[in-house]
Amino acid sequence: AGLTPKQLLEDLRLRQRHPLAQLNLLSMSPQSEAGTWTELEAALHAFQAQWRNAGGAVRQLLLDSPALNRQTYKPEKITHWCDALDRLGDMPALDLDALQLLDEQAKDWTALTPTVLAGRIKKGHAAPEHPLFGAIAELLGAWGRMEEAWQAAVRIQRRDALEEAVARLQADQQRRGEMGFSDLTLRLRTALQGASGGRLASALRARFPVALIDEFQDTDPAQFDVFRALYPDPSGADGTALVLIGDPKQAIYGFRGADVHAYLAARGELGAPWVLAHNWRSVPALITGVNAVFSGREDPFRLPGIRFYAVKPGREDGPRLTAPGSAAALQFALLPGSADAPLDKGKASQAAAEWTAAEVARLLAAAARGEACLGERPLRGGDVAVLVRTHAQGQAVADALRARGVGFARRTQESVYATAEAQDLERVLRAVLMPTRLNWLKGALATALLGGALPSILELDRDELALEQLLERFQSHHETWQRRGFMSMWQSLMPLHGLPARLLARPAGERMLTH
C-alpha cells in the first residue's frame with residue numbers, strides 16, 4: 001500500500017505517544033531499486049522470447065500431462081493462466097498494463113514453476129519439464145524483488161514524511177510557545193545525556209534522593225532513560241533509592257503509551273522484584289479461580305519475562321452471592337456457534353453483550369423475588385459492574401440493558417460534550433439566551449430534557465395564550481441568568497419544567513441527569 005494522509009496521521013500520533021519510536025526500514029537505495037527494475041525487464045524479455053516460440057506447446061503439455069494433479073491443474077485453470085501469459089507475451093514493454101497483469105496473475109502463475117509442479121504430481125509420475133517453466137520462475141522472482149523494492153521505497157518516504165511532520169509540529173509549537181509533557185521529558189533526557197548531564201543528575205539526586213514511581217508499567221523508554229540517568233546505582237550504596245511499583249500485565253495493552261519492553265528492561269537492570277503475596281480486593285473464591293486459570297502453564301501471557309504469581313486472599317471471605325443456578329465467583333459462558341456456522345467477531349461481540357444483559361436482568365429479577373442475595377441482603381443494581389475493552393462494546397451492552405428495561409450508569413472516556421444530553425442542553429440554553437427566537441424555543445421544547453411532544457409543539461402556532469406564557473417563562477429564565485448567574489437560573493428551570501423526574505423515569509436516567 002502507498003503512503004496516505006491517514007497513514008501519516010497514525011504514524012504521527014504513535015510518535016507522540018512513543019517519542020523514541022522509529023520506523024523499521026528495509027535497506028534500499030535508488031540504485032538498487034533501479035537495478036531491480038532492470039532485472040525485471042530482462043526477465044520479462046527472456047520470458048516473452050520463449051513464450052512466442054513455445055507457448056502453444058507448453059499449453060498443450062499442461063493439458064495432456066498424465067502426471068499433474070487435476071484438483072489443482074484443471075483444464076479451465078490452465079486455459080485461464082495461459083491466456084493471461086499470451087497477453088503478457090504480446091506486450092511491447094514493461095508498462096502499466098504489464099505491471100497490472102503481473103500484480104493480478106503472479107500468485108496463480110506460481111503453479112507453473114518447476115518447484116510447484118514437482119510437488120503437485122500423481123504418485124509414480126515425473127513432473128512435466130520445459131525451459132519455459134524456469135523462465136516463468138525467473139520472471140516471478142524478479143517481480144517479487146521489485147515489489148519488495150517498492151515497499152522499501154514507500155517505507156523510506158513514510159519515514160521522511162514523518163520526520164518532516166514532526167519537525168513542522170515542533171516548529172509550530174515553538175512559535176506558539178507551547179510545550180507538552182513528552183517535550184519536557186525529551187528535553188530533560190537530552191540534557192542528562194549532554195556534556196553537563198552529570199552535574200544536572202547530581203543536583204536532582206541531591207534534591208530527590210529517593211524516588212518512588214507507582215504504576216511503573218505506564219512508563220515509556222524516554223522516561224526510563226531519565227530515571228536510569230538520575231539513579232545509576234540500583235544497590236543504593238550511594239544513598240539513593242529508586243523504587244518501582246508496577247504490573248507488567250497492564251503494560252501489555254499499551255495504556256497511556258506504556259511499553260512492556262521498557263518495563264522488562266528496567267526490571268532486568270534493577271534485579272529480582274519483590275512480589276505482593278496477598279490480594280486485599282477480591283473475595284477468596286475469585287482469587288482461587290484466577291489462580292487456577294493462569295497457573296496452568298509457564299507462559300500464560302505469551303511474553304517471555306512476564307510470569308503469573310499466584311496470590312493468597314488478604315481478607316476473610318466477604319458476603320457471598322446466592323442466586324438460582326450457578327453462583328461461582330469465576331464463570332465462563334460459551335456463545336452459540338458451530339463448525340458449520342461459526343460466529344464472526346461482530347456477531348460474537350453482539351452475542352456477548354446480549355448474554356451479559358440477559359444475565360444481569362435475570363439476577364436483578366431474582367433479587368426482586370428475594371431469590372438472589374449478596375450476603376443477607378437482596379442483590380442491588382449497584383452491586384453489578386460490566387467491564388469492556390472498547391467504547392463499541394460498552395455501547396452494545398448499554399443498548400442490550402436498555403432494551404430489557406435495566407437502568408445503569410456508564411463510565412466512558414467519551415467527552416461529556418459529545419453526549420446527546422450535552423446537545424440537548426445546548427438547545428435549551430440557546431433558547432434561554434434568545435427567548436424571542438421561536439425556532440430556537442421550539443427546538444428546546446423538542447429535547448429529551450424538556451420532553452415536549454410534537455403535537456403540543458405544533459399546537460403553539462394556534463394557541464397564542466400558551467405561546468405567550470411560554471415566552472414569558474423563558475424571558476424570566478433569561479433575566480435570572482443575567483442578574484443572578486447560571487446556577488440560579490438552572491436550579492429554577494429544572495423543577496419548573498419537570499426535568500429531574502422526566503430523566504429519572506428513563507433507563508440510565510441517573511447518568512443522564514449527572515451529565
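Criteria and cut-off values
Residues numbered from 1 in each chain as written. Predicted model: local features only at pLDDT ≥ 70, side-chain atom pairs only at ≥ 80, totals over all residues. Heavy atoms only, no water. Pairing = 2+ DSSP bridges. Helix = DSSP H or I, 4+ residues; strand = E, 2+ residues; numbered from the N terminus. Right-handed = clockwise from strand over helix to strand, strands pointing away. Buried < 20%, exposed > 50% of the residue type's maximum accessible area, 1.4 Å probe, protein only. Arc of directions from axis to C-beta. Contact = heavy atoms within 4.5 Å. Core = buried A, V, L, I, M, F, W, Y, C linked by side-chain atoms within 4.5 Å. Phe/Tyr/Trp six-rings, centres within 6.5 Å; stacked < 30°, edge-to-face > 60°. Lys NZ or Arg CZ within 6 Å of the ring centre and 35° of its normal. Patch = residues over 30% accessible without salt bridge, like charges linked within 9 Å, V, L, I, M, F, W, Y side chains within 5 Å. Areas by Shrake-Rupley, 256 points an atom, 1.4 Å probe, with all protein chains shown as cover. Salt bridge = Lys/Arg side-chain N within 4 Å of Asp/Glu carboxyl O. Lys, Arg positive; Asp, Glu negative; His and termini not counted. Charge placed at Lys NZ, Arg CZ, Asp CG, Glu CD. pLDDT = per-residue confidence, 0-100. Polar contact = N/O pair within 3.5 Å; in protein donor to acceptor, adjacent residues only side chain to side chain.

A.B. asks: Help me out: how do you make sense of the pairing of strand β2 (residues 241-244) in this one?
C.D. replies: A regular strand places its side chains so that they alternate between the two faces of the sheet. By the bridge criterion, four bridges tie strand β1 (residues 210-213) to β2 in an arrangement that is parallel. Paired with V210 across the bridge in β2 is A241. The β-α-β motif built from β1, the intervening helix α9 (residues 221-230) and the parallel element β2 has right-handed crossover chirality.

A.B. asks: Would you explain helix α16 (residues 438-445) in this entry?
C.D. replies: Two residues of an α-helix separated by three or four positions point the same way, owing to the 3.6 residues in each turn. Residues L441, A444 and L445 constitute the buried set of α16. Viewed along the axis of α16, the buried residues span an arc of 100°, placing them on a single side of the element. Among the structural elements, α15 (420-433), α17 (454-459) and α18 (464-484) are those in contact with the buried residues of α16.

A.B. asks: Can you help me understand the sheet that holds strand β5 (residues 321-322) in this one?
C.D. replies: Pairing between the strands of a sheet is mediated by backbone hydrogen bonds and can be parallel or antiparallel. Reading across the sheet, the three strands line up as β5-β6-β7 and stay open at both edges, with antiparallel pairing between neighbours. The sheet is open, and its two borders are formed by β5 and β7 (377-378), each paired with just one other strand. As paired strands, strand β6 (residues 373-374) and β7 are joined by two bridges and run antiparallel to one another. Residue pairing in the sheet places L374 in a bridge with R377 of β7.

A.B. asks: Teacher, can you tell me more about the nonpolar core here?
C.D. replies: The tendency in soluble globular proteins is for nonpolar side chains to be buried side by side. Judged by nonpolar contacts, the single largest core of 37 residues is most densely connected at F47, L62, L88 and W109. Elements with a contribution of two residues or more to this core: α2 (30-64), α3 (75-89), α4 (96-109) and α6 (131-176). Top element by residues in this core is α6. It accounts for 10 residues. In this structure L62 touches L68, R70, I78, C82, L112, L117 and F133, once residues within four positions along its chain are discounted. Grouped together as the second largest cluster of nonpolar side chains are 19 residues, L445, I457, L460 and L503 included.

A.B. asks: Looking at this structure, how should I read the packing of aromatic side chains?
C.D. replies: Evaluated as defined, the whole model comprises nine aromatic pairs. Both rings, one in W37 and one in W150, keep their centres 6.4 Å apart while their planes meet at 50°; by these two values the pair is tilted. On the criterion of sequence distance, the pair formed by W37 in helix α2 and W150 in helix α6 is long-range, its members being 113 residues apart. Between F486 and W490, the ring centres sit 6.0 Å apart and the planes meet at 15°, which makes this aromatic pair stacked. Placement of the pair is F486 and W490 together in helix α19 (residues 486-496), with a separation of four residues, close to one helical turn. W490 gets classed as buried once you look at its relative accessible area, which sits at 13%. Taken together, the ring pairs in this structure connect W37, W143 and W150 into an aromatic cluster. The lysine or arginine in question, R430, covers the ring of W440, its NZ or CZ lying 5.0 Å from the ring centre.

A.B. asks: What's the story with the environment of A161 in this structure? I'm lost.
C.D. replies: Examined against the element boundaries, A161 turns out to sit in helix α6. Spatially, the C-alpha atom of A161 lies 7.4 Å from that of L8, the residues being 153 residues apart in sequence. Those residues within four positions of A161 in sequence are excluded, and the remaining contacts are L3 and L8.

A.B. asks: I would appreciate a short explanation of a negative patch on the surface in the present structure.
C.D. replies: On the surface, a cluster of negative charge is made up of D463, E464, E468 and E472. Owing to a relative accessible area of 48%, E472 belongs among the partly exposed residues under this scheme.

A.B. asks: What am I meant to see in the confidence of the model for the protein chain here?
C.D. replies: Low-pLDDT stretches of the model should not have their predicted coordinates read in fine detail. Confidence along the protein chain averages 87 in pLDDT terms, with 94% of residues attaining 70 or more. Within the protein chain, no element has a lower average pLDDT than helix α21 (residues 509-514), which sits at 64, and none a higher one than helix α8 (residues 197-207), at 95.

A.B. asks: Where do I start with the side chain of R205 in this structure?
C.D. replies: Position of R205 relative to the elements: it lies in helix α8. For the buried residue R205, which engages in no salt bridge, the nearest side chain bearing the opposite charge is D238, 4.7 Å off. A polar atom in the side chain of R205 sits 2.8 Å from the backbone oxygen of L230. Residue contacts for R205: discarding those within four places in its chain leaves A229, L230, Y231, P232 and T240.

A.B. asks: Mind showing me how you'd approach the pattern of salt bridges here?
C.D. replies: Scanning the entire structure with this criterion turns up 24 salt bridges. For R145, the salt bridge goes to E39, with nearest N and O atoms at 3.5 Å. Residue R145 is found in helix α6, and its partner E39 is found in helix α2; the two are separated by 106 residues along the sequence. In this structure R145 comes out as partly exposed when scored by relative accessible area, which is 40%. Taken together, the shared-partner salt bridges connect D172, R175, R176 and E178 into one network.

A.B. asks: Please clarify how a nonpolar patch on the surface should be interpreted in this entry.
C.D. replies: A cluster of nonpolar side chains, V293, F294, L330 and F332, forms an exposed patch at the surface whose accessible area comes to about 370 Å². Take F294: it is sitting in helix α12 (residues 284-294). Judged by relative accessible area, which is 30%, F294 ranks as partly exposed.

A.B. asks: Explain α19 here, please?
C.D. replies: Within α19, burial applies to S488, M489, W490 and L493. Those residues of α19 that are buried lie in contact with α15, α18 and α20 (499-504).

A.B. asks: Just to check I follow, could you spell out unusual backbone geometry for this structure?
C.D. replies: Notably, E215 is not glycine yet its phi reads approximately 50°, a positive angle. At R302, a residue that is not glycine, the phi angle is positive and equals roughly 60°. Looking at R302, the relative accessible area reads 56%, which means it is exposed.

A.B. asks: Honestly, the environment of R59 in this entry has me stumped. Any pointers?
C.D. replies: Among the secondary structure elements, R59 is positioned in helix α2. Owing to a relative accessible area of 19%, R59 belongs among the buried residues under this scheme. Note: C-alpha distance between R59 and G194 (135 residues apart in sequence) is 70 Å. The contacts of R59, once residues within four sequence positions are left out, are I78, T79, C82, D83 and D86.

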